[in-house]
Amino acid sequence: MADRVTVIGWDGSPLTAAARSALGAATLVAGAAHHLALPEVPTGAERIRLGSVALAARRIAGHRGTAVVLADGDPGFFGVVRTLRAPEYGLEVEVVPAVSAVAQAFARAGMPWDDAKVVVAHRRTLRRAVNVCRAHTKVAVLTSPGAGPAELGLLLEGVHRTFVICEELGTDREQVTVVTSDKAADHTWRDPNVVIAIGGPVAGATENGGWVFGGDPDTAPRGWALPATAYTGPFGEGETEQLRAGQLARLGPRTGDLVWDIGCGSGAFTAEAARFGAAVIAVDSDADACARTLATARRLGVQTQIVHGTAPHVLEDLPEPDVVRIGGGGAAVVRAVADRRPARIVTHAATRDAAELVGRDLTEHGYDVECALLQSVELDTRRWTEKERTVGFLLCGRLPDRHP
C-alpha cells in the first residue's frame, strides 16, 4: 500500500517548496496530461493519466511507494480529495492546496464571493445548475465539456444574466470575457472555464460584512406561510396561510429545483418557494396578479420569472418543472401539468366532488394521490370569538418513478 498520498493543487503559479519536495520523492504520480508534463515530475515515477478518480485511487492503494496526485486549483473544493479519502481505499491523504478556480475567477472579476452560490455543471447536473442561476443573483459555475457557457445560456432562455467567463485560468492562454447570457451560445469557449452568472439586485456592503458563506439569511422575514399583511393586495382562493403551508410542505422546494406556480395570485407562494432556494416560474392570466407577484418578489429579495398568459397553452414552452403548484385553471391544467411528469403536484378544491375529479386525473397519469380536508378557524384573541373560517381540500400527487 502507498506509504503516503500527497494531493497537490496547481493554479498555474510555480509550485511551493512543499509541493516540489513531495513530487521529488514520488514513485507514482497521477494527474491530467498538463500536470504530468510539469518538469518537476520525476522521470522514473510511474504515471497515471487521471480520468476516473476512483480507478486511480485503487491503483494508488495497491502501489508500494509514495504517491502524488496533481489537480487544478484547490483539490479539497469540489475536487479529488473527497474520493481519495473514502474509507474503502484506506489512504492517508496530505493536501498541498492552491488557489481555487472560483477564487481566481472572482479575483479576475474584482468581486467578492462570500455571498455567491457555487455549483458544478456536467451533463447530469446541468439543469439543476441552471436553476440555481435562475434563483440567485451571484453564482459561480464550474463547467465541463457539454455543460459549459453556451449550454447555460441556452437553458436560461427568458432570464437575463450577465456572464463573466474565465477560460484556462492560470495559464498563458487565460482569457476573461463578459457577455450577456443570451449571447453565450454565439461563441466557442475553451475548457476548462468558470462562469460567474450575475443578475438582479446584488446586496451592497454592510458595516461588518457578511457572517455566513453563500448569503445572509437574516435579511428574510422569519417564518413561512406569512399572513396577508406581508403581501400586496388580498389573498385569492387557495392562498390562505394554512393551505399554503400544506402545499409548501408537500412540494418541498429546494435548491436546484424549478417550481411552476400556476395562478400565482398575490405571489405569496412564489416568494416563499423561492426563499427555499428554488427557481420559480410564476404564471397568471391576470396582468395585475403578475405585477403583484413581481412586487412581492422584489420586496422579499427573491428572484422569479413572471409569465403572463393562460394555462395550459402558455405552459408548452416553459422548461421542465420538478414540482408544480396549481392555483387555478381546472382539469385541463391538471392534465397538461401531469403530462410533463413533475415529481410532485399540489392543488386544491373547494368541494369533495371537485377533489375527486382532480384525484382521478392524477391517478390516471400514474401519480400516487393524497387528499386531505383542511379546516382552519381564526380567532379574535381580544374576545376569543370566531373571526374567520376556511375549509378546502388539499391534493398532492407524487410520481413514484421520479426522485422524491
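In this text the structure is predicted, and so the values were computed from the model without any measurement. (Residues numbered from 1 in each chain as written. Predicted model: local features only at pLDDT ≥ 70, side-chain atom pairs only at ≥ 80, totals over all residues. Heavy atoms only, no water.)

Asks: I tried to follow the sheet that holds strand β11 (residues 258-262) on my own but got confused; where do I start?
Replies: As a general point, the strands of a sheet are linked pairwise by backbone hydrogen bonds and lie either parallel or antiparallel. Pairing within the open sheet is mixed, and its seven strands lie in the order β13-β12-β11-β14-β15-β17-β16. The open sheet has two edge strands with one neighbour each: β13 (305-308) and β16 (368-380). Taken pair by pair, the neighbouring strands of this sheet meet at an average axis angle of 20 degrees, ignoring direction. Bridge analysis of strand β12 (residues 279-284) against β13 gives four bridges, and the strand direction is parallel. (Pairing = 2+ DSSP bridges. Helix = DSSP H or I, 4+ residues; strand = E, 2+ residues; numbered from the N terminus. Axes fitted to C-alpha atoms, helices over the stretch in contact; angles between N-to-C directions.)

Asks: Whenever I open this one, the packing of helix α11 (residues 331-339) against helix α12 (residues 352-364) confuses me. Can you help?
Replies: Two packed helices can be described by the angle between their axes and the distance between those axes. It is the contact of α11 with α12, at a shortest axis distance of 10 Å, that shows an interaxial angle of 20 degrees. It follows from the interaxial angle that α11 and α12 lie roughly parallel. Read as a crossing pair, α11 and α12 show a hand that is right-handed. Counted together, Ala331, Val334 and Arg335 of α11 and Val358, Asp361 and Leu362 of α12 form the full contact between these two elements. Considered class by class, the residues forming the contact of α11 with α12 number four nonpolar, no polar and two charged. (Parallel < 35°, antiparallel > 145°, perpendicular 65-115°, else oblique. Left-handed = near helix turned anticlockwise from the far one by under 90°. Contact = heavy atoms within 4.5 Å. Nonpolar A, V, L, I, M, F, W, Y, C, P; charged D, E, K, R; others polar.)

Asks: Where do I start with the pattern of salt bridges in this structure?
Replies: Any two side chains of opposite charge can pair, on the condition that their charged atoms come close. Tallied over the full model, the rule gives 19 salt bridges. In this structure, Glu174 and Arg108 form a salt bridge, with 2.6 Å as the shortest nitrogen-oxygen distance. A residue pair is termed long-range when its members are at least 10 positions apart, and Glu174 in the loop between β8 (162-167) and β9 (175-180) and Arg108 in helix α5 (residues 101-109) qualify at 66 residues. Relative accessible area serves as the criterion here: at 29%, Glu174 is assigned to the partly exposed category. A salt bridge links Arg254 to Asp257; the nearest nitrogen and oxygen atoms lie 3.9 Å apart. Residue classification places Arg254 among the partly exposed positions, given a relative accessible area of 36%. In this structure Asp257 comes out as buried when scored by relative accessible area, which is 5%. Residues joined by salt bridges that share partners form a network here, namely Arg128, Arg254 and Asp257. (Salt bridge = Lys/Arg side-chain N within 4 Å of Asp/Glu carboxyl O. Buried < 20%, exposed > 50% of the residue type's maximum accessible area, 1.4 Å probe, protein only.)

Asks: Hey, could you run me through the state of the cysteines in this one?
Replies: Here, disulfide denotes a covalent bond that connects the sulfur atoms of two cysteines. Enumeration over the complete set of coordinates arrives at zero disulfides. As a non-bridged cysteine, Cys264 has Cys290 as the owner of its nearest cysteine sulfur, 5.1 Å distant. Residue classification places Cys290 among the buried positions, given a relative accessible area of 8%. (Disulfide = S-S within 2.5 Å.)

Asks: Explain the nonpolar core to me, please; I cannot follow it from the model alone.
Replies: Looking at soluble globular proteins, one finds that nonpolar side chains tend to be buried together. In this structure, Trp260, Ile262, Leu315, Ile326 and Val337 are the most contacted members of the largest nonpolar core, which totals 26 residues. Apart from the residues within four sequence positions on either side, Ile326 is in contact with Ile262, Val333, Val334, Val337, Ile345, Val346, Thr347 and His348. Counting 20 residues, the second-largest nonpolar core is a separate cluster that includes Leu126, Ala129, Ala147 and Val195. (Core = buried A, V, L, I, M, F, W, Y, C linked by side-chain atoms within 4.5 Å.)

Asks: Which parts of the structure should I look at to understand the sheet that holds strand β1 (residues 4-10)?
Replies: Ordered in space as β3-β2-β4-β1-β5, the five strands form an open sheet in which the pairing is parallel. The open sheet is flanked by β3 (46-49) and β5 (93-96), the only strands paired with a single partner. The sheet shows a mean angle of 20 degrees between the axes of neighbouring strands, direction not considered. Where helix α1 (residues 17-24) meets the sheet, it contacts β1, β2 (28-31), β4 (66-72) and β5, and its direction lies at approximately 135 degrees from that of β1.

None of this, on its own, says anything about what the molecule does.
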